[in-house]
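What follows is the residue order along each chain.
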Amino acid sequence: MDWGMQNRLAQLIQADGRCLFLPVDHGYFQGPIKKLEDPSKTLEPLIPYTDAIFITRGVLRSSVAPDKAKPIILRVSGGTSIFGKDLAHEGIAASMEEAIRLNACAVGISIFVGTDYEHDSLLNLARLVDEGERCGIPVMAVTAVGRELKKRDARYLSLSSRIAAELGARIVKTYYCEKFERVINGCPVPVVIAGGPKVPTGYEVLQFVYNGIQKGAIGVNLGRNIWQNEHPVAMIKAMRAIIHENATPEQAQELYDSVKSGEQ
């Protein structure tokens, strides 16, 4: 592995082997969703506690101060929306040259295994990996499910994650599920946990993050379950305690409650 690739990965994955990535790329297909209407306002209090930001080039340029940024994972796939016929019909929406220009530590792309556009999305990943390896920029593959939430089982996610690794992704972002160890054991590259829709309680988020870490994930790439929380700073601090300080869900909840009380 070349020095540049190693250096970029070292900025993303911390010395303890863990990571907390904060995605704010949702607008590329969902538009201005709740609590992300003004990305700069959402990000400002959270940036100190994240290890990297997963973001599109437009929001990066408009909403993140260059002198206050954390390592960037640039979202480079797109071309669909929630109003369109098929969320899986994505293409490459930003070049590797753009990633270099923006000093990105990695690029991220979604793959849609089992859809009509499986072939296209997987070849998009393969081409992006070719460019990334040439430029020393790692690729994070996102095992997207579009609107088909029933696909979030170990059989599907282990297949998608393994295919992403086989095609050269350096990191795979996928969902936590029952028998998650099957996903981890079948994926030879680091796995980070995706959040998906916001769950009913913050404690449930802390539980599935803790369980995922115990089963071998190196960290998370969670957005809505952090910044849609009524106390986002308390939530990201609690999440960080699980990931980097080996806190239990109960300890993390105590930290959450303490930080929340201090905000009032």
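Only a predicted model underlies this, so the values are computations on that prediction, with no experimental measurement involved. (Residues numbered from 1 in each chain as written. Predicted model: local features only at pLDDT ≥ 70, side-chain atom pairs only at ≥ 80, totals over all residues. Heavy atoms only, no water.)

Draft legend 1. Expanded view of the packing of aromatic side chains. Under the counting rule described, the total for this entry stands at three aromatic pairs. Both rings, one in Tyr28 and one in Phe29, keep their centres 5.0 Å apart while their planes meet at 70 degrees; by these two values the pair is edge-to-face. The partly exposed category is assigned to Phe29, whose relative accessible area is 22%. Note on Tyr176 and Phe208: the rings are 6.2 Å apart at their centroids and 15 degrees apart in plane angle, and the pair reads as stacked. Of this pair, Tyr176 sits in the loop between strand 8 (171–175) and helix 8 (180–185) while Phe208 sits in helix 9 (residues 202–214), placing them 32 residues apart in sequence. A relative accessible area of 13% means that Phe208 is categorised as buried. (Phe/Tyr/Trp six-rings, centres within 6.5 Å; stacked < 30°, edge-to-face > 60°. Buried < 20%, exposed > 50% of the residue type's maximum accessible area, 1.4 Å probe, protein only. Helix = DSSP H or I, 4+ residues; strand = E, 2+ residues; numbered from the N terminus.)

Draft legend 2. Spotlight on the nonpolar core. Core analysis: the largest hydrophobic core is formed by 73 residues, its most contacted members being Ile55, Val107, Val209 and Met239. Ranked by residues supplied to this core, first place goes to helix 11 (residues 232–245) with nine residues. Leaving out residues up to four positions away in the same chain, Val107 has contacts with Ile73, Leu74, Val76, Met96, Ala99, Leu128, Ile137, Pro138, Val139 and Met140. Counting residues in each nonpolar core, the second largest holds 16 residues, with Met140, Val142, Ile171 and Val192 among its members. (Core = buried A, V, L, I, M, F, W, Y, C linked by side-chain atoms within 4.5 Å. Contact = heavy atoms within 4.5 Å.)

Draft legend 3. Structural detail: the pairing of strand 3 (residues 72–75). Burial along strand 3 is two-sided: the residues Ile72 and Leu74 and Ile73 and Arg75 are all buried. Pairing geometry for strand 2 (residues 52–55) and strand 3, over three bridges, is parallel. Considered in strand 3, the bridge of Phe54 is made with Ile73. After leaving strand 2, the chain enters helix 4 (residues 57–63) and then returns to the sheet as strand 3, a path that is right-handed. Sheet topology note: the strand 3/strand 6 (residues 106–111) ladder contains three bridges and is parallel. The residue of strand 6 that forms the bridge with Leu74 is Val107. (Pairing = 2+ DSSP bridges. Right-handed = clockwise from strand over helix to strand, strands pointing away.)

Draft legend 4. Layout of the pairing of strand 8. Where burial is concerned, most of strand 8 is hidden: five out of the five residues are buried. Judged by which residues are buried, strand 8 turns out to be covered on both faces: Ile171, Lys173 and Tyr175 on one side and Val172 and Thr174 on the other are all buried. Looking at chain direction, strand 8 and strand 9 (residues 191–194) are connected through four bridges and run parallel. Paired with Val172 across the two strands is Val191, which belongs to strand 9. Once the chain exits strand 8 it traverses helix 8 before rejoining the sheet at strand 9, and the crossover so formed is right-handed.

Draft legend 5. Quick peek at the environment of Thr143. Within the secondary structure layout, Thr143 lies in strand 7 (residues 139–143). In this structure Thr143 comes out as buried when scored by relative accessible area, which is 1%. Residues Thr143 and Val209, spaced 66 residues apart in sequence, show a C-alpha to C-alpha distance of 17 Å. Among the polar contacts listed, one links the side chain of Thr143 to the side chain of Thr174, at a separation of 2.6 Å. (Polar contact = N/O pair within 3.5 Å; in protein donor to acceptor, adjacent residues only side chain to side chain.)

Draft legend 6. Examining helix 7 (residues 154–166) more closely. In a regular helix each residue adds 1.5 Å, so 13 residues correspond to 18 Å; helix 7 covers 18 Å between its end C-alpha atoms and thus fits that length. Buried within helix 7 are the following residues: Ala154, Tyr156, Leu157, Ser158, Ser160, Ser161, Ala164 and Ala165. Against the buried residues of helix 7 lie strand 6, helix 6 (118–135), strand 7, strand 8 and helix 8. (Expected span 1.5 Å × (residues − 1).)

Draft legend 7. Fine view of the side chain of Thr174. Tracing the sequence through the fold places Thr174 in strand 8. For Thr174, the contacting residues outside a window of four places in its chain are Thr143, Leu157, Ser161, Phe180, Val183, Val191, Val192, Ile193 and Ala194.

Draft legend 8. Quick peek at the pattern of salt bridges. The full count for this structure, using the stated rule, is 10 salt bridges. Between Arg57 and Glu98 there is a salt bridge, with the nearest N and O atoms lying 3.2 Å from each other. Of the two residues, Arg57 is situated in helix 4 and Glu98 in helix 5 (residues 96–101); the sequence distance between them amounts to 41 residues. With a relative accessible area of 33%, Arg57 lands in the partly exposed category. Among the charged side chains, a network of salt bridges with common partners joins Arg57, Arg61, Glu97, Glu98 and Arg101. (Salt bridge = Lys/Arg side-chain N within 4 Å of Asp/Glu carboxyl O.)

Draft legend 9. Spotlight on the sheet that holds strand 3. With parallel pairing, eight strands are arranged side by side around a closed barrel as 1-2-3-6-7-8-9-10. The mean inter-strand angle of the sheet, taken between neighbouring strand axes irrespective of direction, is 25 degrees. Lying over the sheet, helix 7 contacts strand 6, strand 7 and strand 8, oriented at roughly 165 degrees with respect to strand 8. Across the sheet, helix 11 is in contact with strand 1 (19–23) and strand 10 (219–221); its angle to strand 1 comes to roughly 150 degrees. (Axes fitted to C-alpha atoms, helices over the stretch in contact; angles between N-to-C directions.)

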